[in-house]
Amino acid sequence: MKRQGLFLILLFLSTHLAIGQRARDYNITIGVLPTGKWNAITDVPGVKVGHTTLIEGETVRTGVTAILPHAGNIFQEKVPAAIYIGNGFGKLAGISQVQELGNLETPIILTNTLSVPMGIQGTVKYTLDLPGNENVRSVNAVVGETNDGGLNDIRGMHITENHVIKAIQGAQSGPVTEGNVGAGTGTIAFGFKGGIGTSSRRIPETLGGYTVGVLVQSNFGGNLTIAGAPIGQELNRYPFRSAIEKSDGSCMIVVLTDAPLDARQLERLAKRAMLGLAKTGGIASNGSGDYVVAASTAENMRIAYQTAHTTDTGDVLRNDNISPLFMAAIEATEEAIINSLIAAKRMEGNGRTIEALPMDKVLPLLKKYGVTR
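These remarks concern the structure in this document. (Residues numbered from 1 in each chain as written. Predicted model: local features only at pLDDT ≥ 70, side-chain atom pairs only at ≥ 80, totals over all residues. Heavy atoms only, no water.)

Attention shifts here to the packing of aromatic side chains. Inspection of the entire model under this criterion finds two aromatic pairs. Between the NZ or CZ atom of Lys-78 and the centre of the ring of Phe-75, over which it lies, the distance is 3.6 Å. (Phe/Tyr/Trp six-rings, centres within 6.5 Å; stacked < 30°, edge-to-face > 60°. Lys NZ or Arg CZ within 6 Å of the ring centre and 35° of its normal.)

The sheet built from four strands is open, its strands ordered β1-β2-β5-β6 with mixed pairing. The open sheet has two free edges, formed respectively by β1 (48-56) and β6 (142-146), since each of these has just one partner strand. Strand after strand, the sheet turns through a mean of 15° between neighbouring axes, direction not considered. The pairing of β1 with strand β2 (residues 60-68) spans nine bridges and is antiparallel. Residue Thr-52 lies in a different strand from β2, and its bridge partner there is Val-64. Set on the sheet, helix α3 (residues 116-128) makes contact with β5 (108-112) and β6; between it and β6 the angle comes to about 155°. (Pairing = 2+ DSSP bridges. Helix = DSSP H or I, 4+ residues; strand = E, 2+ residues; numbered from the N terminus. Axes fitted to C-alpha atoms, helices over the stretch in contact; angles between N-to-C directions. Contact = heavy atoms within 4.5 Å.)

This part takes up the pairing of strand β11 (residues 249-257). Counted residue by residue, β11 has nine buried out of nine residues, so it is predominantly covered. Burial of β11 is two-sided: the residues Gly-249, Cys-251, Ile-253, Val-255 and Thr-257 facing one way and the residues Ser-250, Met-252, Val-254 and Leu-256 facing the other way are all buried. Where strand β10 (residues 211-219) lies against β11, eight bridges are found, and the strand directions are antiparallel. Within the sheet, the bridge partner assigned to Leu-215 lies in β11 and is Val-254. Pairing of β11 with strand β12 (residues 288-296), which is carried by nine bridges, proceeds in the parallel orientation. Following the sheet pairing, Ile-253 is matched in β12 by Val-292. (Buried < 20%, exposed > 50% of the residue type's maximum accessible area, 1.4 Å probe, protein only.)

Turning our eyes to something else, we now look at unusual backbone geometry. Apart from glycine, the bulk of residues carry a negative phi angle, and the bulk of peptide bonds sit in the trans form. Despite not being glycine, Asn-27 has its phi angle at roughly 60°, a positive value. Within the secondary structure layout, Asn-27 lies in the loop between α1 (2-16) and β1. The backbone of Met-157 sits at a positive phi, close to 45°, despite the residue not being glycine.

If you want it as structure tokens, here you go:
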């Protein structure tokens, strides 16, 4: 009973409270495009995010993050989608059907590497239980992961299907909790505590007025760079050789937009998110699983599960008008990764301690390089 009570408290805290600060709280501005109201993936209309966080004893530091492209029955109203592989050392479930059919039919789930099966099971159960899905006999759950085994007892496989369902059912619009939460609870980035991060960009009305939102699960390495400032080098934390040797890990990136894009265009958009990762100093190393899941939430682009029509309809954005979205994806990805680091806090777990990004040392460096005043 005590364990259940602790779980419910953690679930409430991870869903409703903000953790840590963000880049813009320190006057760190990345890119030139304006952000949305929340500077989060939830600035894309209809998008919701939910977390389940597990912090138990001295070894369990893990969780689940669910991203819903719209609040309806996603299986019945599928959305155009694409997946781009930056580096394929990962266990992303559901990729082949998305690539084959060009659509997404479930929430996007993020968790740890060995909990992908539970991610699938929970997502499938949630989908089958939705009203209207009584006769459904096939569900393509999209579940991404990074390996949090440094701080978490990953071999214990503590995630259950109930944790996944609760993350989906608890998803909300508005501000998104970042840092040590959900699927980012036990992750590490650039040798510091990583986690969940998010950001958004709003395209000017003259260029379409669309919104691009990004959410990341950061768990990778390289030579940390913030808004062009070589922070990793300056901290002497990662000399060249060490930066290469410690750069393995993974980064899951989710890009959503209300722009009416088809699957082909969404793959083009997804590729740009990797440029945002590169701007933070990540190198998509040999042992890194770097995947981008991109989807359009535009209502006119949704694909009905069953319809009397023999053709799909929906006006698609012209390729000539897509470049602003590319810039938005790059900027939002870069800032989401930096937000994941700044929001994360020092963590002990599984016999290991990982420090937070030392902002007392970082801020003078950002001022030195003209990033802040």
